[in-house]
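# Structural features, examined
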Amino acid sequence: MDETYDVAVIGAGVVGAAIARALSRYRGSFVVVEKGHDVGTAASGRNSGVIHAGINCLPDTLRARFCMEGRALLQEWCEELNVPYSICGKLVVARVPEEMAGLEKLVANGISNGVPDLRIVSPSEAAALQPGIECFAALHVPTSGIVSPYALTIAMAEDAAVNGVQFLLGAEVTGIQVHEDAFAVATSRGTIRARQLVNSAGIHAGRVARMLDPDAPEVYPCTGEYLILDRQVGERMKMSVYPAPRVANAGLGVHITPTTEGNILLGPSSEYTDDPETVCCTRDVTDRLIDDARVLWPDLPEHLVIGAYAGVRSKLAAPGVGGFSDFTFHTTPGVRRAVHLLGIESPGLTAAPGLARYVLDEFVLPQASYDPKPTEDLRLRRWPDRFDELPEAEKVRRVEADPDHGDIVCRCEGVTKREILHAVDNPLGVRTLSGIKFRSRASMGRCSGGYCLPRIVEILQEERGWSPDDFVLRGPASPAFAGYLLVERHV
Amino acid sequence: MSEPKRHTDVAVIGGGPAGLAAAAAAANAGAEVVLVDRNPRLGGILNQCIHDGFGLHAFGEVLTGPEFGERYVARATEAGVDLRVSTMVAELSADRELVCTSPGSRTRLAASSVILAMGCRERTRGMLRIPGTRPSGVYTAGTAQWLTNMANVRVGRRVLILGSGDIGLIMARRLTWEGAEVVGVVELLPYPSGLPRNISQCLDDYGIPLYLSHSVTCIHGVDRLERVTVSRFDDDRRPIPGTEFDVACDTLLLSVGLIPENELSRRAGVLLDPTTSGAQVDDRYMTNVDGIFSCGNVLHIHDLADWAAEEGARAGVRAAEYAAGGARREALDLVPIEVGPGIRYVLPQATARSAKRLLVSFRVVEPADHRTAEVVAGGRDLASLSLRHAHPATMVQIEVDCGDGLDAERLEVRLR
Amino acid sequence: MSERQMTCILCPNGCEIDVRWTGTPTDDTIRVEGNLCPRGVGYALEELTHPKRTLTTSVLVRDGVEPQASVKTAKPIPCESIETARREVATATLDAPVTIGQTVVDDVAGTGVAVVVTRAVPRRAAERSAG
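Residues numbered from 1 in each chain as written. Chains lettered and ligands numbered in written order. Predicted model: local features only at pLDDT ≥ 70, side-chain atom pairs only at ≥ 80, totals over all residues.

## Some words on the interface of chain A and chain B
Put simply, the rule reads: Each residue gets a C-beta atom placed from its backbone, and two residues are in contact if those atoms lie within 7 Å. Helix and strand definitions follow DSSP, with helices as H or I runs of at least four residues and strands as E runs of at least two, each counted in order from the N terminus.
At the junction of the two partners, chain A supplies 41 residues and chain B supplies 36 residues. Sorting the residues of the side of chain A that touches chain B by element identifies α7 (283-296), β18 (305-315), α9 (392-401) and α12 (452-464) of chain A as the ones contributing at least two each.

In C-alpha cells form, the structure reads like this:
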C-alpha cells in the first residue's frame, strides 16, 4: 500500500460497487475500502430488491432524478452483467375509498417524474393482473420491477475488480487526514493514500464525513425487518403488491414483493435503532408483517415462512422529526476532492448506476484527467446463469462437459458443485460461507443449509484443502466451528 | 462404461432404511429394481447415528445406526437391486420418469412404479422465526451430528439445545462425551418430546438440566453466538413476561422437528396430508398418483428406524405387485380412514374396501395413560389396543382384521 | 422397604418401572411393576447393583474416504468405567481400510470388553490428478 491511489471509494455497497464499476472504465488506480469481508453486506444485501418506477419520489428532487436516470442505466447494466431482473410491475392497493387520495398523489408524482402507463384499475382488473389480492381499487405501475440486490452488488464489484479496481475488504476506516496532495485514510488494515475520496459508506457515511468535516450531517440508522416465503409460493405472486399510503405518511406500508428467484418477501418494517451493528429481527414486528400482509393477501401461507432478515436504512431525518430528506452530496469548502453521499435510502438501489455516473461526471472526472479505456481493453465479468434455471437439454450438455455440474450440492436451490467452486474462486478473494451463499444461492432455500453445509464443508476440504478453522460465516470474527473434533496424538 | 438402464420395474428414491428395505422386498418379489441415493455411501441418516438402539425389533439385537444400515444394504445387494450411489433425483414426473444426476451424468429412468423414500429435513430457525441476530454457531441438531460424527468437526464448546426431540438428546450426550459443556435442553411443551430412555441416558446420566415449558426468545451475538434468552411459556404457547433469563453459549442446536422432504413428490402431483406433511396413501402405500408409493420418513416421521424399514418392506412388495400389473387407483373403491378424538394423524388415510387385513399407524395428540385406541367402522369396533402410556413421540400400530371386506363409509381411529 | 422409579432402557418401549426391595436388592427381594416383559426385572436388578451402558463414539482414520470411523463397546460396560473407556478410545487412530467389527481396543478400561468398529471406512482413492 505504498502507492497513492487516484480515487478511494469508502463503502462497497450497491452505490460503492456502481461507482467502482464506472471508475473501472477509466485508466487510473482505484481502490474500494470496505469494512465488511465482502461487498453488499449491509443494506445492499438486505432490502426488497425493487427497481422503482418513480411514483414514490417527490418531483424535482434528487431522489426522483436519480431514480429515473438510475433505473434506465440499471437495466442496461443488468443486461451486460447478466444480473437477474424483471420488470414485473406493481399494484398499489386501496382497500377503502379513503385511500384513493393516496393513490392519486402517487399518480401525480409519477406523471411529474415521467413514469409512463400508470392506471387506476378496478378490483376485477387487479385480480386479473394479480390473483388473490383484495382491494377497492388499485394503481397499476407496469414499469416497476425487481432485481437481485446482492447479485447486482457482487456483479458490479467483481466486474470492477477484473478491470483493475482493487478491493480492500475487512478494512474499517478509522480516520482521515488531509495532506497537500492526497488523503491518508487510516483503516483497520493499514493506511491508504488517495488523491480523491468518494464516501459511499451508507449508515457509516455520516461518521466518515465528520472525519473530514465536523459539520457534516448526521446519518440515522433505521431498521427494516423482512420475512421470506418458500419458493413454492413464488408462482402465486406475479408482481409486487403494496398498500396505498395513508395520506399523512411519508412512506408506504408492508409490501409483498416477489424476488427474481421466486421467493416472496414481506416487509420492510421501519424502526430507528441506536445500534445498527446488532441488526435484529423481533417477534412483534415479524408478527405484524404477517398480519399486515394478510390484509392485502388473505390466503398468505404463514407456514411457508422460511426465514427472516433485517437491514438498516441510512436516514437524514432524525427519529421523531420525520419529513422528507433528499439524497445529499456533501462537500466541504476547502477540502476539495472529497464527496460524501449521505442519506441514500430508497430508491438508492434503483438510483445506484445514476449516482455513480453523476459522482464521476461532477466530482471525480473534473478533478483530474482520466482517459477512458478502449473497449477492447475491457473485460466483462458476467453473473453466471444459474444451472437450476437452464432448460433440461442444456443441463445435460453442461453435465457432460463438466462432471461437477452433475453433483447437486444444494438440494433446495439445485446448486451444483461447479457453482460452489466458482463462488469460492471469486476475484474479490472472498472466502466466507456468506460469500458462497450469495454468489451460488446455496443455503438460501427452505432447509437453510441443513443439507448443503455438510456438503460444502466436504468439498472445500477436499478440493481447496480447507480445515475446520477456515470456515467462517462472514469474517474472522464469526467462525463456523471450533476446530477438529479429534486430533491425532503423537506419542 | 455401459449406459445406465433406461427403464426398470421399480425405482426407489432414497437409500436409507426404508428405501433399502423396500428395494430388497420388491426385488425378492420378482421385480427389477433400481435404487438411487445422493450420498456416496448407502444407509441414509443411519450413517451418522452412531449411537445404539437400532435393530431390537428387526433383528433382536441392539445395533448402532451404521450396523443396522449395513444389514439392509446386504439384503438389497443379495436381492440383486441395482444400487446407484452419488445419484440424486432432480425431477420426477407423474408418469414415473426420473431425471437422475450424478457427477458427469444426467439421465432419465422410466419406471413402472416408484417408491418415494427420500426421508426428511429438519425444521429451521427461520421457520420458527426465532428473533435476534444471525450469528454463526446456530445449527440444526442433525447437521451438527453429521459434522461431529462424519467430518471430525467440533461445532462449538458451550452448547444449548432447543427441543427435547431424540436427535437433540443424543447430541447432548455426544457433545458432552467429546468435551463440550452442554448447558441445558429447552423444551416448549410441558413434557419431553423424545423417548423416555433418551431423557434417562442422555440428560439424567450427565446432570444436564431440562427446562420444560420454556423456549428461546432471542439470539444474541453479532458474529458468533454469545448467548440466548430463554423464557417460560404459558399453556397458550406464549412467553411469560418477567421469566426471561440469559444463557451464555457459543452454540445453539435446534432439535425442533423433522419435515418429510416432499418437494419432488409435490412437483409430481402427489397430494400431501397437511398434518403429516407426507403423502396421502392407501393401504398399499400408493399415493394419489398411480404407481407412486411412499414409505419411511418421507411418508411420516418415524421414531424408530426398525418401523421405517418394515414399512418400506411392505411398500416394496406392493410396488412390485403394481409393476407386475396391479390395479390402478381409480379401479379401487377406497374407504377413508379418519382421525377421531385424541388422535393426531392416521396412516394410511384410506384403504381399499376389499382389504382383508390392514395395518394402521397413528400418533396420539398428547401423553395419556391407561387408554384404549379403537378402530371403528360404521359404529362397529374392528380392533382395539390398550395403551398403558401413550405418547406423541411413540408411533402406535394396530392390526385390523377387516373380515370379508369393509361395508362402512369411513373408518375412524380414536382414543377412549 | 426401599423404592425407586426408573426407565428400563433395554428396548425402545422405555417402560417406566417401579422397583421395590427390602434389604439388599436381589432376585428374591425385589418386586418390579410396569414392565412389559420379564427382562425388566433383570434390568432393574442390574441398575440397582451394577448399572452398565454401551459407549458409542468415533476414532480417527488415516487415508480413509472419511476422517472418522464410528465405534462401540462390544457389550455394555459399567457406568463408572465409561469416561475412562472414552478417553482410552479417543487416543486410537486406525488406518484405512477399516471394516465393521474390527477391534480397536481389546480390553477397554479393564472391563474385559472390546471396542469394535461399527462403520466401515474404505481407503481413499490414489492421488487425484491435477486440475
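Once you've had a look at it, read on.
## A few points about the pairing of strand β13 (residues 220-229) of chain A
Residues and elements named next belong to chain A. Short version of the rule: Any residue whose C-beta has 12 or fewer other C-beta atoms within 10 Å is treated as exposed, any with 20 or more as buried, and any in between as partly exposed, C-beta atoms being built from the backbone. Strands are treated as partners if at least two bridges between them are detected by DSSP.
Counting buried residues along β13, 10 of its 10 residues qualify, which places the element largely inside the surrounding structure. Every second residue of β13 is oriented toward a common face, with Y220, C222, G224, Y226 and I228 on one face and P221, T223, E225, L227 and L229 on the other, all of them buried. Pairing analysis gives 10 bridges linking β13 to β18, with the strands arranged antiparallel. Within β18, the residue paired with L229 across the bridge is V305. Note that β13 and strand β17 (residues 271-272) share two bridges and pair antiparallel. Opposite T223, over in β17, you have E271 as the bridge partner. Bridge analysis of β13 against strand β16 (residues 264-267) gives three bridges, and the strand direction is antiparallel. Residue pairing for β16: L227 is matched across the bridge by L266.

## Quick notes on the packing of helix α5 (residues 141-150) of chain B against helix α6 (residues 166-177) of chain B
All names here are of chain B. Note the cut-off: The convention used is that axes are lines fitted to C-alpha atoms, helices contributing only their stretch in contact, and that angles between N-to-C directions extend from 0 to 180 degrees. Whether a crossing is left-handed or right-handed is set by the direction in which the near helix is turned from the far one by less than a right angle, anticlockwise for left-handed and clockwise for right-handed. Here the nonpolar group is Ala, Val, Leu, Ile, Met, Phe, Trp, Tyr, Cys and Pro; Asp, Glu, Lys and Arg are the charged ones; every other residue, Gly included, is treated as polar.
Between α5 and α6, the least distance of the axes is 9 Å, while the angle of their chain directions is 35°. For α5 against α6, the interelement crossing comes out left-handed. On the side of α5, the interface is formed by A141, G142, A144, Q145 and T148, while α6 contributes I167, G168, M171 and R174. The residue inventory of the contact of α5 with α6, partitioned by class, reads four nonpolar, four polar and one charged.

## Digging into helix α2 (residues 62-81) of chain A
Residues and elements named next belong to chain A. This is how it is decided: Take the number of residues in a helix, subtract one, and multiply by 1.5 Å to get its expected span. To get the bend at any residue, fit one axis to the seven residues that end at it and another to the seven that begin at it, then take the angle between the two axes.
Compared with an ideal rise of 1.5 Å per residue, which puts 20 residues at 28 Å, α2 spans 26 Å between its outermost C-alpha atoms and is within 8% of the ideal. At G70, α2 shows its maximal kink, close to 25°. Those residues of α2 that fall on the buried side of the exposure criterion are R63, A64, R65, F66, C67, M68, G70, R71, L73, L74, W77 and C78. Next to the buried residues of α2 lie β3 (50-51), β4 (85-86), α3 (100-113), β8 (145-147), α5 (149-162) and α8 (348-364). Looking one or two residues beyond α2, the residue adopting positive phi is N82, at roughly 65°.

## Comments concerning the environment of A:P372
Residues and elements named next belong to chain A. On the secondary structure map, P372 appears in the loop between α8 and α9. Here the alpha-carbon distance between P372 and Y26, two residues 346 residues apart in the chain, equals 4.1 Å. Here P372 is in contact with R25 and Y26, once residues within four sequence places are set aside.

## Some details on the domain arrangement of chain B
Residue and element names in this part refer to chain B. Operational definition: Segmentation into domains, and thus their bounds, comes from an automatic or database assignment.
Here chain B is described as being made up of domain 1 (1-122 + 258-332), domain 2 (124-256) and domain 3 (333-416). Inter-centroid distance (C-alpha atoms) of domain 1 to domain 3 is 25 Å. Here the residues of the side of domain 1 that touches domain 3 are counted per class, giving five nonpolar, five polar and four charged.

## Details of unusual backbone geometry
Going from A:G267 to A:P268, the amide bond is cis rather than trans, its omega being 5°. By the element assignment, A:P268 lies in the loop between β16 and β17. Even without glycine at this site, B:S86 takes up a positive phi of about 50°. Considering the arrangement of structural elements, one finds B:S86 in the loop between β5 (82-84) and β6 (88-92).

## Section: the nonpolar core
What counts, and what does not: Buried Ala, Val, Leu, Ile, Met, Phe, Trp, Tyr and Cys residues form a nonpolar core when they are connected through C-beta atoms within 7 Å.
B:V10, B:A22, B:A23, B:A26 and B:I115 are the most contacted members of the largest nonpolar core, which has 176 residues in total. Apart from the residues within four sequence positions on either side, B:A23 is in contact with B:V12, B:V33, B:L35, B:A76, B:V81 and B:G316.

## Things to note about the interface of chain B and chain C
The interface of chain B with chain C comprises 22 residues on the first partner and 20 residues on the second. At the level of secondary structure, the elements contributing two or more residues to the side of chain B that touches chain C comprise β3 (52-54), α3 (65-78), α5 and α7 (196-203) of chain B. Take the side of chain B that touches chain C: its biggest share by element is four residues, from α7(B). A breakdown of the residues in the side of chain B that touches chain C according to their chemical character gives nine nonpolar, nine polar and four charged.

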